[in-house]
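Structural overview
Next come the chains, spelled out residue by residue.
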Amino acid sequence: MKLGNLGVKFSLLLALVWLIGGGITLVTLANHLRTQAEQTVEERAEIVLMAMQSARDYTQHNIQPLVAAYLNDPTATQNTFSQEVIPNFAARSIFANFKAQDPSFQDYSYKEAAVNPTNPIDQADPFEAQLFPQLQPLTSAPPAMLSGYRTMENTQLFYLARPLTMADASCLECHGNPRHAPQALVDMYGDRNGFGWNLNEIVATQIVYVPADMIFARGRQNLVTVAKTFLSIFGALFITINLLLWRTVIRPLKVLTSTAKQISACPIQSGQTVPTEDAALSTLTLRRDEPGQLARAFQYMIHVLGQREQDLQRAVDERTQSLAQEMRDRQAAQSALQTYAHAINHDLRNIIMGIVSVLRGLQFRSPPSTNRRMTQSSTSSVAEDAQPITVEPEAIALIERGCDRQLALMNTLMEVQSKDVWRLAVRLAPVDLQSLIAELLTTYQVRQCAAKTTLSQHLARDLPKVQADANQIQRVFENLIDNALKYNPGGVAIAITADLVPSEDKGDRSMVQWH
């Protein structure tokens, strides 16, 4: 199970919502259940108080008058005081009997705490004595009740208290002045406690104690029951939602993802469906919800991609055929151009070879002279009228070298290097720059005179021979001089300068610098 899966993320989100919501719910519910358990116990304790008060009232209003009449009867054989006629004793006795009959009240305790009690058993402890000022405002009819928690003998108890007010003046006969009290009462409890009570005074408080553990246990029991119910409902919802999510979202997305991967992995022809997902995708397209709409869009996209694939393939085939035809046409044109170049080169070579043959024949037939001149006359029918032509041997040699250079250039044009048919082959050889520049100056003497241009050279005397192609480097200088003569006004001075300078990136080697 990967964390990036949608199902895992949704499950984690549900679990997080459940933890947060369940925690808040359980805390709130625990407080509510505790309060409810406390209210339940308080209601039962209130029932106990009401029952004890009813026992007191019945004893006081029904039993005591009968006993008093019996004690005042002169015919009675025995006129003794009995504590069963005391409301407090009757309430405690009835509560003890009540606890014995109902086991659910075994942990309850009842007490009528008084600061000045008749029976020492009812003596209020310091905590109970502190309740009297709080009970003073609660003496309305029916009296209100006071509840809370206290710790007694390391046990936390919940208490419910109500004030007990001296509202009957007849009670002062026994609890007013000890001298007016029945002698039997004085003999039983003494004359120090339980006397001096005043009318409408809070003389005691009726308290019912319940262990707090009972309240907490009941709250926990209710909480556990509710938590189990909550967990069961959440578990059922969790499984149901995950199954629904898997069926309606995750599984359709897996089908669409697999389809998209197959579309990107291989070409899909027009009308072709994905083989491994055909049934699943077709089933998914029958749905009317959003995944079904997306599946139908995927199906249409496959169809469109197939058509575009075919169109693209046809376009590629047509373009390939067009390029192949264009290549064939270019090869044919190149072959024709090469044939034409061979023919032109052949014709030019024949002309140049003829000129070279004539020049060499003239040099061969001319006798050497002191001034190194030769005279050529025409052998035609007008020989006697022709004027002799005087040609310097240096000029003939210059023409011969020019023809040789033209033949070398023509041969270079026809050479092929590597796979490039028009790439010129460079023939490296030692070249004397002094001689090369001097020959150029001689060649351009006529043109510089016509253009009134001064052409000069300033070459260092220590220039060494350089490795270069003599024909190609001469063409470079010719192009430079031709451009200078063509694009500058007449009378411009053209100077060719070359110096030998040390090379910066070649160590102790030197290089020729031109200006």
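Just so you know, these numbers come straight off a predicted model, no measurement behind them. (Residues numbered from 1 in each chain as written. Predicted model: local features only at pLDDT ≥ 70, side-chain atom pairs only at ≥ 80, totals over all residues. Heavy atoms only, no water.)

Once that is clear, we can look at the overall build of the protein. Secondary structure summary: the protein contains 12 helices and 11 strands in total. Expressed as a percentage of the 515 residues in the protein, the buried residues total 29%. (Helix = DSSP H or I, 4+ residues; strand = E, 2+ residues; numbered from the N terminus. Buried < 20%, exposed > 50% of the residue type's maximum accessible area, 1.4 Å probe, protein only.)

Before going further, it helps to spend a moment on a nonpolar patch on the surface. On the surface, a cluster of nonpolar side chains totalling about 410 Å² of accessible area is made up of L16, L19, I20 and I24. In this fold, L16 is placed in helix α1 (residues 6-72). (Patch = residues over 30% accessible without salt bridge, like charges linked within 9 Å, V, L, I, M, F, W, Y side chains within 5 Å. Areas by Shrake-Rupley, 256 points an atom, 1.4 Å probe, with all protein chains shown as cover. Salt bridge = Lys/Arg side-chain N within 4 Å of Asp/Glu carboxyl O.)

Moving on to the packing of aromatic side chains. Applying the stated criterion to the full structure yields four aromatic pairs. Residues F95 and Y110 carry aromatic rings whose centres are separated by 5.8 Å and whose planes lie at 45° to one another, so their mutual orientation is tilted. Within this pair, whereas F95 is found in helix α2 (residues 87-101), its partner Y110 is found in strand β1 (residues 109-113), the two being separated by 15 residues in sequence. When sorted by exposure, F95 lands in the same class as Y110, which is buried. (Phe/Tyr/Trp six-rings, centres within 6.5 Å; stacked < 30°, edge-to-face > 60°.)

Here we come to the pattern of salt bridges. In this structure the tally under the stated criterion is seven salt bridges. A salt bridge links E112 to R56; the nearest nitrogen and oxygen atoms lie 2.7 Å apart. Residue E112 is located in strand β1, and its partner R56 is located in helix α1; the two are separated by 56 residues in the primary sequence. By relative accessible area, which is 3% here, E112 ends up buried. The residue R92 makes a salt bridge to D122 at a minimum N-O spacing of 3.7 Å. Taken together, the residues R92 in helix α2 and D122 in the loop between β1 and α3 (126-135) connect sequence positions 30 residues apart. A network of salt bridges, in which partner residues are shared, links K111, D125, E128 and R150.

Another aspect to go through is the side chain of Q474. Mapped onto the elements of the fold, Q474 is located in helix α12 (residues 470-486). Classification of Q474 as buried rests on a relative accessible area of 7%. Among all residues touching Q474, those that are not within four sequence positions of it are R405, L436, E439 and L440. (Contact = heavy atoms within 4.5 Å.)

Glancing now at unusual backbone geometry. Here N154, not a glycine, exhibits a phi torsion of approximately 60°, which is positive. Secondary-structure assignment places N154 in the loop between β2 (146-152) and β3 (155-165). Positive phi values are uncommon outside glycine, yet N200 reaches one of about 65°. Mapped onto the elements of the fold, N200 is located in the loop between α5 (183-189) and β4 (202-211).

Moving on: the environment of P133. Inspection of the secondary structure assignment puts P133 in helix α3. What makes P133 exposed here is its relative accessible area of 59%. A C-alpha to C-alpha distance of 9.6 Å links P133 and I202, two positions 69 residues apart in sequence.

Okay, the confidence of the model for the protein next. On average, residues of the protein carry a pLDDT of 75, and 77% of them reach 70 or more. Taken together, the stretch residues 273-277 has pLDDT below 50 and engages in 11 contacts with residues farther than four places along the chain or on a different chain. Ignoring residues within four places in sequence, the model shows residues 416-422, a span with pLDDT below 50, making seven contacts including any to other chains. (pLDDT = per-residue confidence, 0-100.)

Moving on, we get to the packing of helix α10 (residues 433-443) against α12. Interhelical geometry of α10 versus α12 gives an angle of 45° and a closest axis separation of 11 Å. Taken together, the axes of α10 and α12 are oblique relative to one another. Along this stretch, α10 crosses α12, giving a crossing that reads as right-handed. Residues L436, I437, E439 and L440 of α10 touch α12, and the partners they reach there are I473, Q474, F477 and E478. Split into classes, the residues belonging to the contact of α10 with α12 amount to five nonpolar, one polar and two charged. (Axes fitted to C-alpha atoms, helices over the stretch in contact; angles between N-to-C directions. Parallel < 35°, antiparallel > 145°, perpendicular 65-115°, else oblique. Left-handed = near helix turned anticlockwise from the far one by under 90°. Nonpolar A, V, L, I, M, F, W, Y, C, P; charged D, E, K, R; others polar.)

Here we take up the sheet that holds β1. Read across the sheet, four strands follow the order β1-β4-β3-β2 without closing on themselves; strand pairing throughout is antiparallel. Unpaired on one side and paired on the other, β1 and β2 mark the two borders of the sheet. Here the strands of the sheet are splayed against their neighbours by 30° on average, with no regard to which way each runs. Across nine bridges, β3 lies against β4 in antiparallel orientation. Considered in β4, the bridge of P163 is made with T205. (Pairing = 2+ DSSP bridges.)

Position of T453 among the secondary structure elements: in the loop between α11 (445-450) and β8 (454-459). Discounting residues that sit within four places of it in the chain, T453 has contacts with Q448, L485, G491, V492 and I494.

What follows concerns the pairing of β4. The buried fraction of β4 is high, at 10 of 10 residues. One ladder, built from five bridges, connects β1 with β4; its direction is antiparallel. Directly across from A113, in β4, lies its bridge partner T205.

The residue R287 is located in the loop between α7 (278-285) and α8 (290-365) in this model. Through-space distance from the C-alpha of R287 to that of T248 is 9.8 Å; in sequence the pair is 39 residues apart. The contact partners of R287, leaving out residues within four places of it in the chain, are R247, T248, P252, G292 and R296.

Moving on to α10. What α10 keeps buried is the set L433, L436, I437, L440 and L441. Viewed along the axis of α10, the buried residues span an arc of 135°, placing them on a single side of the element. For α10, the capping residue at the N-terminal end is D432, with a side-chain oxygen 3.2 Å from the backbone nitrogen of Q434. (Arc of directions from axis to C-beta. Polar contact = N/O pair within 3.5 Å; in protein donor to acceptor, adjacent residues only side chain to side chain.)

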